[in-house]
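Secondary and tertiary structure notes
One-letter residues, chain by chain:
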Amino acid sequence: MSAAAESPAAAVAADADAAPAAPDRLLRLAAVLALVGLGCVLIFLMFGFLPWTVGVGLFLGIPVLGVAMLIYLYVVVRNLKQHGQL
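This write-up is about the structure you can find in this document. (Residues numbered from 1 in each chain as written. Predicted model: local features only at pLDDT ≥ 70, side-chain atom pairs only at ≥ 80, totals over all residues. Heavy atoms only, no water.)

1. Concerning the overall build of the chain
Here is the rule: Each helix corresponds to a stretch of at least 4 residues labelled H or I by DSSP, and each strand to a stretch of at least 2 residues labelled E; elements are numbered beginning at the N terminus. For each residue, the accessible area found with a 1.4 Å probe, counting protein chains only, is set against the maximum for its type, and the residue is called buried under 20%, exposed over 50%, and partly exposed in between. Residue exposure ignores everything except the shown protein chains as possible cover, and the areas themselves are Shrake-Rupley values with a 1.4 Å probe.
Scanning the chain from N- to C-terminus turns up three helices and zero strands. Ordered by position in the sequence, the α and β elements of the chain form the string α-α-α. By residue count, 15% of the 86 residues in the chain fall in the buried class. About 6,300 Å² of surface is accessible on the chain, with carbon and sulfur atoms providing 75% of the total.

Take a look at the structure:
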């Protein structure tokens, strides 16, 4: 059977196989943001309570970790809804 003669069901199945690409990108983004946030907090913990370390660690690192956590939770809830578990 040629590619042009494929049934519509086969095209839908091929699209369904390609669907998990978006959550994978979001999970990668969440992981990178979590590593950046943890690195900022680590700088704060290593160098102590200096003005610049508090700024980097608490005012930058903690919000970045929060955004990473929210993205991760969004991906998990969306995946559970797609699989009918939620």
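2. Describing the environment of Val67
If you trace the backbone, Val67 turns up in helix 3 (residues 51-82). A relative accessible area of 42% means that Val67 is categorised as partly exposed. Residues Val67 and Gly37, spaced 30 residues apart in sequence, show a C-alpha to C-alpha distance of 9.4 Å.

3. What about the packing of aromatic side chains?
Rules: Pairing of aromatic side chains here covers Phe, Tyr and the six-membered ring of Trp, requires ring centres within 6.5 Å, and sorts the geometry by plane angle: under 30 degrees stacked, over 60 edge-to-face, intermediate tilted.
Tallied over the entire structure, the rule returns two aromatic pairs. With 5.2 Å between their ring centres and 90° between their planes, Phe44 and Phe49 make a pair best called edge-to-face. The exposure class assigned to Phe44 is buried, which follows from its relative accessible area of 11%. Taking the relative accessible area as the measure of exposure, Phe49 reaches 73% and is therefore exposed. Centroid distance Phe47 to Trp52: 5.6 Å. Interplanar angle 45°. Geometry classified as tilted. By relative accessible area, which is 48% here, Phe47 ends up partly exposed.

4. Things to note about a nonpolar patch on the surface
Put simply, the rule is: Without a salt bridge and with relative accessible area above 30%, a residue can belong to a patch; like charges are then joined within 9 Å and nonpolar side chains (Val, Leu, Ile, Met, Phe, Trp, Tyr) within 5 Å. The salt bridge definition used is simple: a Lys or Arg side-chain nitrogen within 4 Å of an Asp or Glu carboxyl oxygen.
A cluster of nonpolar residues, Leu27, Met69, Leu70, Tyr72 and Leu73, forms a patch on the protein surface that exposes about 500 Å² of accessible area. A per-element tally of the nonpolar patch places helix 3 first, with four residues. Counting through the fold element by element, Met69 comes out in helix 3.

5. As for the side chain of Thr53
We apply this condition: Side-chain atoms alone can form a polar contact between residues adjacent in sequence; in general such a contact is a pair of N or O atoms within 3.5 Å, and within protein one must be able to donate a hydrogen while the other accepts it. What makes two residues a contact is simply this: any of their non-hydrogen atoms within 4.5 Å.
Of note, Thr53 is situated in helix 3. Residue Thr53 is classed as buried on the basis of its relative accessible area, which comes to 0%. For Thr53, the side chain forms a polar contact with the main-chain oxygen of Leu50, separated by 2.8 Å. For Thr53, the contacting residues outside a window of four places in its chain are Ile43, Phe44, Phe47, Gly48 and Leu58.

6. Concerning helix 3
We apply this condition: What a helix is expected to span follows from its residue count: subtract one and scale by 1.5 Å. One axis fitted to the seven residues ending at a residue, another fitted to the seven starting there: the angle between these axes is the bend at that residue.
Taking 1.5 Å of rise per residue, the 32 residues of helix 3 would be expected to cover 46 Å, and the 46 Å separating its terminal C-alpha atoms lies within 8% of that figure. Maximal helix bending in helix 3 amounts to about 30°, located at Gly61; proline Pro63 follows within four positions. Gly84, located one to two residues past helix 3, shows a positive phi value of around 75°.

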